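Given next are the chains, with one letter for each unit.
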Amino acid sequence: MAGSLDGKVGLIVGVANKRSIAWAIAQAAAREGATLILTYQDRFAEHLQDLAATLTPAPQLLPCDVQDDAQIDAVFAAIGAAHGGLDFVVHGAAFAPREELSTGFTNTTREGFRVALDISAYSLVALARGARPLMEPRGGGSILTLSYLGATRVFPNYNVMGVAKAALESTVRYLAADLGPQNIRVNAVSAGPIKTLAAAGIGGFSTILGVVREKAPLRRTVEASEVAESSLFLLGPASSGITGEVLMVDSGYHAVGM
Ligand code: NAD
Ligand code: 0WE
C-alpha cells in the first residue's frame, strides 16, 4: 500500500508511554511509510525500547532533554549520519513544575515560568534550527507541534502552561515566516483533553473531560488516534499549502460559547 509518508524520515520528540499523543502520531506515521527517530527523556528509556520494538521499521532511539542544547545537537548529528536528511519533526514536549498547576496564577514563580516556557515553547525553536540544514537539501519539510485551547482561553489551573502554549503558537507563526522560503512548513494541532501521563493527577481533569462530552458539538472527547490522523495531514503532501496554522482537533469544543 502506498503511504502518505513513504520514503520520509521523521523525528518525533515527546513519547513517554503508549498513551502519549506523540506515540499515536509515531504509529500512524510508521503505518504511512515513514522511517522514524524517536527521542526520549532518560526516565522513560526502558519503557521506550519495548514500545519502539513494536514499529516497523524499528525506529532509531536517542536520548534528548530539550533543555540541553548539547543533547539537541547530538540528535541532529546522529540523524544526519544515519539518514542523511530529515523530512518532518513532531514536537510533543511540555512541562511546568507541578506546583504551578495548582496555585493561583498570580503566584507563578519566576523559575516555574522560565522552565515552562523553556521546555514547552523555546524547544520548538531549538529543534527547528537543528532540523533546517537537514531539511533544506531535501527541498523542504514539515514541523508540527501540539497545543491546547488554554493558549487563548483561561482554564482553571492550566496557569503558566497556558502562557507557554500562547508562546508556542506564536513561535509556530514566526518559524513559519522564517523557514517558509526554504519550503519548511510549521504548524500546530490543538488537541482536546486526553487522559495521558501529562494529564494524570491533575485535579479536576475528569471534570474537564465531562464538560467536553456535554458541550462539544460532537458530544465526546477526542482520541489520541484522531489527533494522529489529523497530524498526518499536516505532516504530509495534502497540506503543502498550509503553514503558520493551528488546527483544532477537539470535537469542535473551541467553537461553542456555552
Ligand atoms: P505525555 O506526558 O505523554 O507527553 C509529554 C512529553 O513531554 C513526555 O514524553 C515527556 O518526556 C516530554 N518532556 C517533558 N519535559 C521534557 C524535556 N525536558 N525534554 C524532553 N522531553 C520532555 O503527554 P501528552 O498529553 O501526550 O503531551 C504531548 C503534548 O500534547 C504536550 O505538548 C501537551 O501539552 C499536548 N497536549 C496534551 C493534551 C492532553 O489533554 N493530554 C491536550 C492538548 C495538547
Ligand atoms: O498540556 C497539557 C499538560 C501539560 C503538563 C502536565 C503536567 C502534569 C505533571 C505540563 N506540566 C506538567 N507537570 C507535571 O508535574 N494538557 C493540555 C493537559 C492538561 O493539563 C492541565 C489541564 C489539561 C487539559 C492542567 C491543569 C488544567 C487542565
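Provided above is the structure to which this section pertains.
Enquirer: Sorry, what's going on with the site of ligand 1 here?
Expert: Lining the immediate environment of ligand 1, one finds 27 residues, of which Ser 20, Gln 41, Lys 165, Ile 194 and Thr 196 sit closest. Within the backbone of Gly 14, a nitrogen or oxygen atom sits 2.8 Å from an oxygen atom of ligand 1. For ligand 1, an oxygen atom lies 2.5 Å from a polar atom in the side chain of Thr 196.

Enquirer: Could you clarify how one ought to interpret the packing of aromatic side chains in this entry?
Expert: By convention here, two paired aromatic rings are described through the distance between centres and the angle between planes. Tallied over the full model, the rule gives 2 aromatic pairs. Here the aromatic rings of Tyr 148 and Phe 155 are separated by 5.2 Å at their centres, their planes lie at 40°, and the arrangement is tilted. Using a relative accessible area of 15% as the deciding quantity, one classes Phe 155 as buried. Judged by centre distance (5.0 Å) and plane angle (70°), the rings of Tyr 148 and Tyr 158 are edge-to-face. A residue pair is termed long-range when its members are at least 10 positions apart, and Tyr 148 in the loop between strand E5 (141-147) and helix H5 (159-179) and Tyr 158 in the loop between E5 and H5 qualify at 10 residues.

Enquirer: I'm lost on the pairing of strand E6 (residues 184-191) in this one. Help?
Expert: In regular strands, side chains alternate between the two faces of the sheet. With respect to burial, E6 is a largely interior element, 8 of its 8 residues being buried. Side-chain alternation along E6 places Ile 184, Val 186, Ala 188 and Ser 190 on one buried face and Arg 185, Asn 187, Val 189 and Ala 191 on a second face that is also buried. Relative to E6, E5 runs parallel, the two being bridged by 7 bridges. From the neighbouring strand, Ser 142 faces E6, where its bridge partner is Arg 185.

Enquirer: Whenever I open this one, the sheet that holds strand E2 (residues 35-40) confuses me. Can you help?
Expert: Sheet strands pair by backbone hydrogen bonding; their relative direction is either parallel or antiparallel. What the 7 strands build is an open sheet, ordered E3-E2-E1-E4-E5-E6-E7; its pairing is parallel. At either margin of the open sheet sits one strand with a lone partner, and together these are strand E3 (60-63) and strand E7 (246-249). Each neighbouring strand pair of the sheet contributes to a mean axis angle of 20°, computed without reference to strand direction. Contacting strand E4 (88-91), E5, E6 and E7, H5 runs over the sheet at an angle of about 170° to E5.

Enquirer: I keep staring at the nonpolar core and nothing clicks. Help me out?
Expert: If you look at soluble globular proteins, the nonpolar side chains tend to sit buried side by side. Leu 11, Phe 76, Ile 79, Leu 86 and Ile 143 are the most contacted members of the largest nonpolar core, which has 48 residues in total. Elements that contribute at least two residues to this core include exactly strand E1 (9-13), helix H3 (69-83), helix H4 (110-135), H5 and E6. Counting residues per element, this core draws most heavily on H4, which supplies 12 residues. With sequence-adjacent residues up to four places away left out, Ile 143 is seen in contact with Val 89, Leu 124, Ala 128, Met 135, Leu 179, Ile 184, Arg 185, Val 186 and Asn 187.

Enquirer: I would appreciate a short explanation of the pattern of salt bridges in the present structure.
Expert: It is possible for side chains of opposite charge to pair when their charged atoms get near one another. Taken as a whole and judged by the stated rule, the model has 7 salt bridges. In this structure, the salt-bridge partner of Arg 31 is Glu 32, at a minimum N-O distance of 3.0 Å. Between Glu 229 and Arg 31 there is a salt bridge whose closest N-O contact spans 2.9 Å. Remark: Arg 31 occurs in helix H1 (residues 21-31) and Glu 229 occurs in helix H7 (residues 224-235); sequence separation between them is 198 residues. Judged by its relative accessible area of 37%, Glu 229 falls in the partly exposed class. Connected through salt bridges with shared partners, the residues Arg 31, Glu 32 and Glu 229 form a single ionic network.

Calculation notes
- Residues numbered from 1 in each chain as written.
- Chains lettered and ligands numbered in written order.
- Predicted model: local features only at pLDDT ≥ 70, side-chain atom pairs only at ≥ 80, totals over all residues.
- Heavy atoms only, no water.
- Near = heavy atom within 4 Å.
- Polar contact = N/O pair within 3.5 Å; in protein donor to acceptor, adjacent residues only side chain to side chain.
- Phe/Tyr/Trp six-rings, centres within 6.5 Å; stacked < 30°, edge-to-face > 60°.
- Buried < 20%, exposed > 50% of the residue type's maximum accessible area, 1.4 Å probe, protein only.
- Helix = DSSP H or I, 4+ residues; strand = E, 2+ residues; numbered from the N terminus.
- Pairing = 2+ DSSP bridges.
- Axes fitted to C-alpha atoms, helices over the stretch in contact; angles between N-to-C directions.
- Contact = heavy atoms within 4.5 Å.
- Core = buried A, V, L, I, M, F, W, Y, C linked by side-chain atoms within 4.5 Å.
- Salt bridge = Lys/Arg side-chain N within 4 Å of Asp/Glu carboxyl O.

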